[in-house]
Amino acid sequence: MRHDVTFPLYVEVDEIYNLACPASPVHYQFDPVQTIKTCVHGAINVLGLAKRTKARILQASTSEVYGDPAVHPQTEGYWGNVNPIGLRSCYDEGKRCAESLFFRYHRQYGVDIRVARIFNTYGPRMLPNDGRVVSNFIVQAIRDEPITIYGDGLQTRSFCYVDDLVSGLIALMSMDTPAPEPVNLGNPEERGMVDLAKLIIELAGSRSQLVYERIPADDPRQRKPDVARARQLIKWNPKVGIMDGLKKTIDYFKLIEINP
Ligand code: UDP
Ligand code: UDP
């Protein structure tokens, strides 16, 4: 069924994964008002649905709730450092409001919620025009085009391979005791963007050079999940390291570049 989550939905369900929302800064900033509606009206509708059907409901939240974090690595207890009126706020604050709604529906109506704070995820079947760093760098490397580093390239992210993330989401949904606390899901292996670019150039056998472009406003300086809670609650640990994950992703993009 194709449905816009900002409108009510009356169906009979027993599990809901609320993954609705663009996640790439380029895409969520394309129509910021719609991004806020997707996060907030979307959460209200799926929570209303969960409340009526007594379904279990999982929210795809984000490391962006920590904003440009002053605490490193980020634990779930950290409240974050978000610019409420900045370019990223449609997503950051939208997702924060959604978390607030999830916890309200849990406390007020006993809805069985699970909230995953997802850190940067990548892998095969990303779109070439997704706009996030891993797909940008890989597509540029395969085409031997300049690799676009925003700012000095010393900012960091921690990249989680898609299969690991999916197994984490399923484990969180499957857990029998409700989890009325958010859970970080991500790979704690932290990388700078210049390092990432060099790694991709090497793995793709590329002749690309680095070019430096302007850093977008409010770009977080560093990001790394503390995954102790996920380890303890759902016995989850990411298994795919960055080298293996990037190789699989590069193979995928080479395939679709040859057979678009
Ligand atoms: N809702 C929905 N499907 C349902 C139940 C509710 O889409 O099966 C939507 C509906 O638009 C409602 C919202 O979820 O406004 C919140 O539901 P809730 O029961 O909390 O609110 P109420 O209906 O009491 O305003
Ligand atoms: N970035 C970059 N070049 C690109 C795309 C992104 O240097 O072509 C940087 C961006 O400035 C940020 C990091 O890579 O510091 C991760 O950006 P992305 O959009 O993938 O995700 P974010 O974690 O910022 O939501």
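Here, every reference points to the structure presented above.
Residues numbered from 1 in each chain as written. Chains lettered and ligands numbered in written order. Predicted model: local features only at pLDDT ≥ 70, side-chain atom pairs only at ≥ 80, totals over all residues. Heavy atoms only, no water.

S.K.: Can you help me understand the site of ligand 2 in this one?
M.R.: Not every one of the 17 residues close to ligand 2 is listed here, only the nearest: Val 133, Thr 148, Arg 157, Asp 219 and Arg 223. Arg 157 is positioned with one of its side-chain polar atoms (N or O) 2.6 Å from an oxygen atom of ligand 2. Here Asp 219 contributes a side-chain N or O atom positioned 2.5 Å from an oxygen atom of ligand 2. By residue class, the composition of the shell around ligand 2 is seven nonpolar, four polar and six charged. (Near = heavy atom within 4 Å. Polar contact = N/O pair within 3.5 Å; in protein donor to acceptor, adjacent residues only side chain to side chain. Nonpolar A, V, L, I, M, F, W, Y, C, P; charged D, E, K, R; others polar.)

S.K.: Please clarify how the sheet that holds strand β2 (residues 56-62) should be interpreted in this entry.
M.R.: Two pairing modes exist for strands in a sheet, parallel and antiparallel, and in both the strands are linked by backbone hydrogen bonds. Spatially, the four strands line up as an open sheet ordered β1-β2-β3-β8, and their pairing is parallel. Only two strands of the sheet have a single neighbouring strand rather than two, namely β1 (15-18) and β8 (183-185). Averaged over all pairs of adjacent strands, the angle between strand axes in this sheet comes to 25°, irrespective of strand direction. With four bridges connecting them, β1 and β2 associate as parallel partners. Bridge pairing in β2 links Ile 16 to Ile 57. (Pairing = 2+ DSSP bridges. Helix = DSSP H or I, 4+ residues; strand = E, 2+ residues; numbered from the N terminus. Axes fitted to C-alpha atoms, helices over the stretch in contact; angles between N-to-C directions.)

S.K.: Sorry, what's going on with the packing of aromatic side chains here?
M.R.: Working definition: an aromatic ring pair is given by the centre-to-centre distance plus the angle between the planes. All chains considered together, the criterion is met by seven aromatic pairs. Ring centres of Tyr 252 and Phe 253 lie 5.3 Å apart, and the angle between their planes is 75°; this geometry places the pair in the edge-to-face category. Over the ring of Tyr 109 we find Lys 51, and its NZ or CZ is 4.3 Å from the ring centre. (Phe/Tyr/Trp six-rings, centres within 6.5 Å; stacked < 30°, edge-to-face > 60°. Lys NZ or Arg CZ within 6 Å of the ring centre and 35° of its normal.)

S.K.: So what exactly am I meant to see when it comes to the packing of helix α4 (residues 133-142) against helix α8 (residues 242-258) here?
M.R.: For any two helices packed against each other, one specifies the inter-axial angle together with the distance between the axes. Where α4 contacts α8, the two axes come as close as 10 Å, and the packing angle between them is 55°. The orientation of α4 with respect to α8, classified from their angle, is oblique. In the packing of α4 onto α8, the handedness of the crossing is right-handed. Counting all contacts with α4, which are made through Val 134, Ser 135, Ile 138, Val 139 and Ile 142, the residues of α8 involved are Leu 246, Thr 249, Ile 250, Phe 253, Lys 254 and Glu 257. (Parallel < 35°, antiparallel > 145°, perpendicular 65-115°, else oblique. Left-handed = near helix turned anticlockwise from the far one by under 90°. Contact = heavy atoms within 4.5 Å.)

None of the figures reported here should be taken as evidence of function without further support.
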